[in-house]
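This is what each chain is made of:
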Amino acid sequence: MVLTTEKPEVAPRGAASRPGAVKLPKKKRAAGWWLPFALIAPAIVFELLIHVIPMAVGIWMSFLKLTQFYIANWGAAPFVGLGNYQIALNFNGAQGQALLSSFVVTCGYTILVVGIAWALGMAAAVALQKTFRGRAIFRTMFLIPYAVPVFAGIITWKFMFQQNTGVINQILGALHLIDPNNPPFWLIGNNAFAAMVIVAIWKLWPFAFLMLMAGLQTINEDLYEAASLDGAKPFRQWRNITLPGLGAVNNVLLLVLFLWTFNDFNTPFILFGGAEPPAGDLVSFHIYNTSFITLNFGFGSAMSVLLLLFLMLVSAIYLAFINRRSRRA
Amino acid sequence: MRETTGFKTFRIITLAVLAVFVLLPLYVMITSALKPLVDVQGKFTWWPTNFTIQPFIDIWSTIPLASYFINSVIVATSASVISVIIAIFASYAISRYKFRGRNTFTTTILATQMFPGVLFLLPLYLIFINISQTLGIQLIGSYLGLIITYLTFTLPFAIWMLTGYFDNIPRELDEAATVDGSTAIGTLLRVILPVARPGIVAVLVYSFITAWGEVLFASVLTTQTSRTLAVGLGEYSTQVNVYWNQIMAASVVVSIPVVIGFLLLQRNFVAGLSAGAVK
């Protein structure tokens, strides 16, 4: 996935109140008016090729009964209208129930992962805000999980979560938190949810840290000086200076973290492989499995479209909320 | 500002807890890579007492790791370079010119960032199959097919971040160059690009890291010959044995180039990110 930056186009009112956010380009018309179009043409061609056309095809597929018999000849697949959507949203049926339960798991997962990753990133950024000996070492160390390839990081956690040979049960046993003769499974059953959340936080929090650290550099240090002369304790300073100063960064960061986490596929895919426990069945993973195991691409596409609609709805509400708040401020 | 004892305690606890959390998997990864297979099949030990570097030798013969490595390098490099080149021109146009469709374009770019990868995977898979059926061009299992799909996430990010970065470069630079008789393209290549280097490096690094670790598309669109590291590492788990020591050794090997590269370019990356993404 990719990173978003806030642009006036998304949040016209919110951004307009921020200095430096809106810099309308100078009008350079007349001779060479075609130049911007020529510059942007390759990007438009690629956008059509990789996003617009596949999207349109995906939406079209969701109205088809596109099972394995039609994959190589999809023109022949029967049109079923909203049939796939009806199956996906019929929560009394087996398919709908599975999707609903996967959706609920994903919601819980997203709230926990985004919340904790953000809190850890914030704590680390604040702890490293002022210079002290060893600061650079910690800063570099904390960025390593971000640079380690996703699959290498997750596969290491998978090794750590092994029932009999893993380090996690070893540590918990040494702390007398579990019975060492009967260690729990982490990748099977309900514990799988906790395992997945921990791994995801490990991968994600450095990004929150990185963004918040960059944001902290824009806060004027004199503000802290003044607050400290007024006798404000560190927590008060954080609430009244740091948090408002990071407003713009947080707006973007939380949305990005939400979208990445809700769409997460890698964590369950590598952690559980083919044997996913229901507690680890995130939506993207669920759609992938349903599509490639049952080879029913029409139904898979319908679920993807529903997922997209949900993400768009949440993003729209979120952006509207942010715009209103910044207009009031 | 004087630091209170409370803040110092907060700092020590935070840094200690996070350091353990971050380092534990890295420690397990490295030490387990230095153990013989029997040792990783038994109870976990903190120190590799039967120290061996054999896993680092075996990884290359158990599976064709070298060829997966080359595949990953080719695909990740191509995807990041192509998206940066396209993005440089597009972002310059968005940042410096006002033209019809500009808002539509930037909104589309933003919107695509919320799309789940699986939404593109199914249609692309189907399109690729049908292209090979009708035109005879085999995209599944080819570098080209994978590079195209990787552009779905590297390109919008590159355009987005570079636009933000270009916006922060003073327009006076362009104007001075124009007065000196430079064309628009000349200004972009000779004046703007050198100034925007941290931003470009940041985008390259980000795209490369993301493409290097991509699993979803690679799991479906690669075949034995075009397999990337992200999927190939799974082959150390066979019906008979899970070669955990080799998996850990291979994880070390695939991580080293990206981690070192990232740490070397860290300064550029943070600078580019703060200018482009944090406004």
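- You'll find chain B entered in an unreviewed UniProt entry as ABC transporter permease, with Subtercola lobariae given as the organism.
- Checking UniProt for chain B, the heading Sequence similarities (unreviewed entry) contains the comment "Belongs to the binding-protein-dependent transport system permease family."
- UniProt annotates chain B under Subcellular location (unreviewed entry) with the comment "Cell membrane".

- As annotated in an unreviewed UniProt entry, chain A is ABC transporter permease from Subtercola lobariae.
- Per UniProt, the comment on chain A under Sequence similarities (unreviewed entry) is "Belongs to the binding-protein-dependent transport system permease family."

## As for the UniProt feature "transmembrane region" (unreviewed entry) in chain B
Residue and element names in this part refer to chain B.
Inference 1: Mapped onto this numbering, the UniProt entry gives "transmembrane region" (unreviewed entry) at residues 12–30, 68–93, 105–128, 140–162, 200–222 and 242–265.
Inference 2: With 83% helix and 0% strand, residues 105–128 has its two end C-alpha atoms placed 26 Å apart.
Inference 3: Across residues 140–162, the secondary structure splits into 87% helix and 0% strand, with the terminal C-alpha atoms separated by 31 Å.

## Here we look at the packing of helix 6 (residues 150–160) of chain A against helix 8 (residues 191–216) of chain A
Residue and element names in this part refer to chain A.
Inference 1: Closest axis-to-axis distance for the helix 6/helix 8 pair is 10 Å, and the angle between their directions is 145°. Of the two possible hands of crossing, helix 6 and helix 8 adopt the one that is right-handed. Note on element contacts: helix 8 touches helix 6 through Val199, Trp202 and Lys203, opposite Val150, Gly153, Ile154 and Trp157.
Inference 2: Its residues assigned to classes, the contact of helix 6 with helix 8 shows 5 nonpolar, 1 polar and 1 charged.

## Observations concerning the UniProt feature "transmembrane region" (unreviewed entry) in chain A
Residues and elements named next belong to chain A.
Inference 1: In the numbering adopted here, UniProt assigns the feature "transmembrane region" (unreviewed entry) to residues 33–57, 99–128, 140–160, 185–205, 241–262 and 297–321.
Inference 2: A distance of 25 Å separates the end C-alpha atoms of residues 185–205, which is 71% helix and 0% strand.
Inference 3: From the first C-alpha to the last, residues 297–321 spans 36 Å; its make-up is 100% helix and 0% strand.

Procedures and definitions
Every residue gets a number counted from 1 within its own chain, in the order that chain's sequence is written. Here chains are named by letter from A upward and ligands by number from 1 upward, in the order in which they appear as written. It should be noted that, the model being predicted, local features are given only for residues of pLDDT at least 70 and side-chain atom pairs only at 80 or more, the latter also being counted only at that level, while totals for whole chains, interfaces and linings use all residues. UniProt positions are given in the numbering used here, feature names are shortened, and annotations may be inferred rather than shown by experiment. In this description a helix means any DSSP run of H or I spanning at least four residues, a strand means any run of E spanning at least two, and both kinds are numbered starting from the N terminus. Each axis is a line fitted through C-alpha atoms, and for a helix only the stretch in contact is used; angles between axes span 0 to 180 degrees, taken between their N-to-C directions. Two helices cross in a left-handed way if the nearer one is turned anticlockwise from the farther one by less than a right angle. They cross in a right-handed way if the turn is clockwise. Residue pairs are scored as contacts if the distance between their C-beta atoms, which are placed from the backbone, is within 7 Å. Residue polarity follows a fixed list, in which Ala, Val, Leu, Ile, Met, Phe, Trp, Tyr, Cys and Pro are nonpolar, Asp, Glu, Lys and Arg are charged, and the others, Gly among them, are polar.

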